[in-house]
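Coordinate inspection notes
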Amino acid sequence: MGTKVRLAVVMDPIGKIKYAKDTTLGMLLAAQARGWSLHYLEQADLRLRDGIAEGSARELTVRADPGDWYSLGESRVEPLGAFDAILMRKDPPFDMEFIYTTYILERAEIAGALVVNSARGLRDMNEKVYTAWFAQCCAPTLVTRDMNEMAAFAHSHGKIVCKPLHGMGGRSIFVLEPGDKNARVVYETLTQEGTHFAIVQKYLPEIVQGGDARVLLVDGEPVPYALARIPSATDHRGNLAAGAQGVGRALNERDRWLCQQIGPALRTAGMLFVGLDVIGGFVTEINVTSPTGARELDKLYHLDIGAQLMAAIERKLAQRPR
């Protein structure tokens, strides 16, 4: 591009990330390697003033140094539309504060910034519920507030997985065996006595050996390798944050078919970096908020997924009138 790209990032505190695994840091290192200027914001730094999206941004320098990976400059209030691109990498929970943040970022988009991922897509594509748009790719799934419907689903499918709709990292995920006496308590807890929606899915036993595979898509196209997260012997969850072991594997034919089914819709919606969770050939979640796994795959297969994303952003910017 003719001028230096100004890239802002909205993320959780950079000083608290896990250096070796943080996908956002990998993205920022890739952007800086392209000569782009980096600008750092946290959620609390955003505001709307008379319809204008603004942020208290600090210039950011990143380093490939596990003991000293960043430096921040002085804070300066800027209109968010003045940035070429904004990486929205705030982790869930997907709560009202997250939704309010997407409104601010949508105003930044209207003012000319490319937001990755699209603010409206972040708001519309709940990571559990959005699987309903691709039912042909998914195992039997029910989203409901009705605890009796959950019990009937369990009776039909035997072993099931129960999850809240807003969490991340394996938090509050329950696996129920047939006849489990804790079932009612789980339903009550997740639905808050029938007042909140939750999701139940048929348990896929392939997770024990094959893991919960994270398949990453950059602008709708899959990275050729997946990170299969194998649950530990003492836990049922395929989440690295819950102690699962990450094992790389090449994508198979089924993975590619799933990506062909879902990727075009993501590209059309402006979702440039998405992670599909795949167990036994079925998609269980479509992660759009702040997908991870890129650093592990980079290390295993000598990739630079962050650079792939920056190239996609560069292409999008070249197509946009400014």
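The structure contained in this document is the topic of the report that follows. (Residues numbered from 1 in each chain as written. Predicted model: local features only at pLDDT ≥ 70, side-chain atom pairs only at ≥ 80, totals over all residues. Heavy atoms only, no water.)

**Considerations on empty space enclosed by the protein**
Under the criterion given, the structure shown has 2 cavities of 30 Å³ or more. There is about 60 Å³ of room inside the largest cavity. Considering the residues around the largest cavity, the lining is formed by Pro92, Phe94, Leu122, Met125, Asn126, Glu127, Lys128, Leu165, His166, Gly167 and Thr289. A class-by-class count of the residues in the lining of the largest cavity yields 5 nonpolar, 4 polar and 2 charged. In this structure, the second largest cavity encloses a volume near 40 Å³. Taken together, Met27, Leu87, Met88, Arg89, Val116, Asn117, Phe273, Thr289 and Leu309 make up the full set of residues lining the second largest cavity. (1 Å grid on protein atoms, 1.4 Å probe; cavity = no way out; pocket = protein on both sides within 12 Å on 5 of 7 lines; lining within 4 Å. Points joined across faces, edges and corners; volume = space filled by probe spheres on them. Nonpolar A, V, L, I, M, F, W, Y, C, P; charged D, E, K, R; others polar.)

**A few points about the pairing of strand S17 (residues 282–287)**
Look at any regular strand and the pattern is simple: side chains alternate between the two faces of the sheet. By the criterion of burial, S17 is predominantly enclosed, with 5 of the 6 residues buried. Relative to S17, strand S16 (residues 273–279) runs antiparallel, the two being bridged by 5 bridges. Bridging across to S17, Val278 finds its partner in Val283. From the end of S16 to the start of S17, which pair antiparallel, there are 2 residues, and Gly280 there has a positive phi angle of about 55°. (Buried < 20%, exposed > 50% of the residue type's maximum accessible area, 1.4 Å probe, protein only. Helix = DSSP H or I, 4+ residues; strand = E, 2+ residues; numbered from the N terminus. Pairing = 2+ DSSP bridges.)

**Thoughts on the side chain of Asn117**
Secondary-structure assignment places Asn117 in the loop between strand S7 (114–116) and helix H3 (119–124). By relative accessible area, which is 2% here, Asn117 ends up buried. Engagement of the side chain of Asn117 in a polar contact is seen with the backbone nitrogen of Leu272, the distance being 2.7 Å. Among the polar contacts listed, one links the side chain of Asn117 to the backbone oxygen of Val288, at a separation of 2.8 Å. Among residues more than four places away in sequence, those in contact with Asn117 are Leu122, Gly270, Met271, Leu272, Phe273, Val274 and Val288. (Polar contact = N/O pair within 3.5 Å; in protein donor to acceptor, adjacent residues only side chain to side chain. Contact = heavy atoms within 4.5 Å.)

**Examining the packing of aromatic side chains**
Each aromatic ring pair is described using two quantities: the centre-to-centre distance and the angle formed by the ring planes. Using the criterion set out here, one finds 6 aromatic pairs in the structure. Centroid distance Tyr19 to Trp69: 5.9 Å. Interplanar angle 40°. Geometry classified as tilted. Here Tyr19 is found in the loop between strand S1 (6–11) and helix H1 (23–33), whereas its partner Trp69 is found in the loop between strand S4 (52–62) and strand S5 (70–79), with 50 residues between them in sequence. Trp69 matches Tyr19 in its accessibility class, with the two residues each being buried. Arranged with centres 5.3 Å apart and planes meeting at 45°, the rings of Phe94 and Phe98 form a pair that is tilted. As far as burial versus exposure is concerned, Phe94 and Phe98 are alike and both buried. Linked through ring pairs, Tyr19, Trp69 and Tyr70 together constitute an aromatic cluster. If you follow Arg145 out to its NZ or CZ, it ends over the ring of Phe197, 5.4 Å from the centre. (Phe/Tyr/Trp six-rings, centres within 6.5 Å; stacked < 30°, edge-to-face > 60°. Lys NZ or Arg CZ within 6 Å of the ring centre and 35° of its normal.)

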